Each structure stands twice: as C-alpha cells, then as structure tokens.
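Structural overview
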Amino acid sequence: MKKLYHILDYFETILDKTEIENQNISSSSIGWHIEHTLVSIDLIVEALRKSPQTPYKPIHSFSKYFILISGQIPRGRAKAPSYTIPKQFDKSELEKHIKETRKQIQSIKEIPAHHYFLHPYFGPMNIFETKRILYIHSWHHVKIIKDVLK
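A brief structural summary. As the structure is a computational prediction, the values presented were derived from the model and not from experiment. (Residues numbered from 1 in each chain as written. Predicted model: local features only at pLDDT ≥ 70, side-chain atom pairs only at ≥ 80, totals over all residues. Heavy atoms only, no water.)

1. Side note on the overall build of the chain
Along the chain, the regular secondary structure elements total five helices and two strands. Radius of gyration (C-alpha) of the chain: 15 Å, near the 15 Å computed for a compact globule of 150 residues. In terms of its C-alpha atoms, the chain occupies a principal-axis envelope of roughly 45 × 30 × 25 Å. With 150 residues in all, the chain has 45% of them scored as buried. (Helix = DSSP H or I, 4+ residues; strand = E, 2+ residues; numbered from the N terminus. Rg over C-alpha atoms; globule rule 2.2 N^0.38 Å. Buried < 20%, exposed > 50% of the residue type's maximum accessible area, 1.4 Å probe, protein only.)

Quick look at the structure:
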C-alpha cells in the first residue's frame, strides 16, 4: 500500500495545478483526475468492507487478467461509472479528501482476507486483486496527469 501513499503524496504536490487541462491528452482537468481517483479508492475500500456474504467466486476475464498482470489500463477504453465522476471540488476540498483517503487506505489492513468487492467491469475481485487494481487505476491517472503537465 506504500505505492498508494506515494500517489497521494504526489497529488498533494500538484494541488495548485488542479485547473490545468490539455484536451489533446484528456477532456478532464488535473483536479478531476485527482478527485476521481480519490472517490474510486474510497468507494472500493467501502465495498470491500461491506463484502457480500456469499463465497467469493472469481469470473475469469482476459481484460481483468491483462490489466492485473501488465499493470496498465489502456487509455480511452472504458467509461468511468457515473458514481465515480466528480461533481465539484476545489483545492481545500481535495486536501481534505486526500487526508480521508489516507485513512481509508490504512483501514484496508483491518478488512478480513476473505472479503471481496464487485468491480463494475471485472466482477468479483478478492482483496489481493483489489489492492492491485487500486494501485493500477491510481497510477493510470497519475500518468495522465503527468502527460497533461508536460
């Protein structure tokens, strides 16, 4: 989970650049990418905490395993679920949200190993897969942000 903390550290260093956009790279601002990443982490950790009571049964999917193994999400291939799309945010709200998300990440240690969550595209993901997808998804948005800042 150290890598996720490093990503949050990076977000804190660019909070003064949240309004920057580059339509050639992304239709969304840097702030949007930060907030979307934070919302996604929070919702996934909460879903893990409220794991379904039924036993975990993986759904085998080429795209799921491709992303988990390669560590990369191809750009422009999937739409963010509506509940992860940021509405409004400003620098102070992002600062607070980063602090809250740090606590969420910390709380993963307390979630039982048999818990899982239902990913909107990949189906059930166990805690190991979930930790991996949290990092991969967050890193995906960091790469977009860095390209916008070039």
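That was the structure; now back to the text.
2. Quick word on the pattern of salt bridges
All chains considered together, the criterion is met by seven salt bridges. Glu12 serves as the salt-bridge partner of Arg102, at 3.0 Å between the closest nitrogen and oxygen. You can see Arg102 sitting in helix H4 (residues 91-107) and its partner Glu12 sitting in helix H1 (residues 2-13), a full 90 residues away along the chain. For Glu12, a relative accessible area of 34% gives the class partly exposed. With a closest N to O distance of 2.7 Å, Arg75 and Asp147 form a salt bridge. Here the residue Arg75 occupies a position in the loop between helix H3 (62-70) and H4, and Asp147 occupies one in helix H5 (residues 127-149), the gap between them amounting to 72 residues. Where salt bridges share partners, they join Asp9, Glu12 and Arg102 into one cluster. (Salt bridge = Lys/Arg side-chain N within 4 Å of Asp/Glu carboxyl O.)

3. Focus on the packing of H3 against H5
Interhelical geometry of H3 versus H5 gives an angle of 70° and a closest axis separation of 9 Å. What the angle tells us is that H3 and H5 run roughly perpendicular. Contacts between H3 and H5 involve Lys64, Tyr65, Ile67, Leu68, Ile69 and Ser70 from the former and Glu129, Arg132, Ile133 and Ile136 from the latter. When the residues that make up the contact of H3 with H5 are grouped by side-chain class, the tally is six nonpolar, one polar and three charged. (Axes fitted to C-alpha atoms, helices over the stretch in contact; angles between N-to-C directions. Parallel < 35°, antiparallel > 145°, perpendicular 65-115°, else oblique. Contact = heavy atoms within 4.5 Å. Nonpolar A, V, L, I, M, F, W, Y, C, P; charged D, E, K, R; others polar.)

4. Describing H5
Taking 1.5 Å of rise per residue, 23 residues should cover 33 Å, and H5 covers 33 Å from first to last C-alpha, within 8% of that figure. At the N-terminal end of H5, a side-chain oxygen is found 3.1 Å from the backbone nitrogen of Phe128, two or three residues along, and the residue is Asn126. (Expected span 1.5 Å × (residues − 1). Polar contact = N/O pair within 3.5 Å; in protein donor to acceptor, adjacent residues only side chain to side chain.)

5. Side note on the packing of aromatic side chains
Across all of its chains, the model carries four aromatic pairs by this definition. Pairing Tyr10 with Phe11 gives two aromatic rings, centres 6.5 Å apart and planes at 50°, and the pair type is tilted. The buried category is assigned to Phe11, whose relative accessible area is 0%. Directly above the aromatic system of Tyr135 lies the positively charged group of Lys3, at a separation of 5.0 Å from the ring centroid. (Phe/Tyr/Trp six-rings, centres within 6.5 Å; stacked < 30°, edge-to-face > 60°. Lys NZ or Arg CZ within 6 Å of the ring centre and 35° of its normal.)

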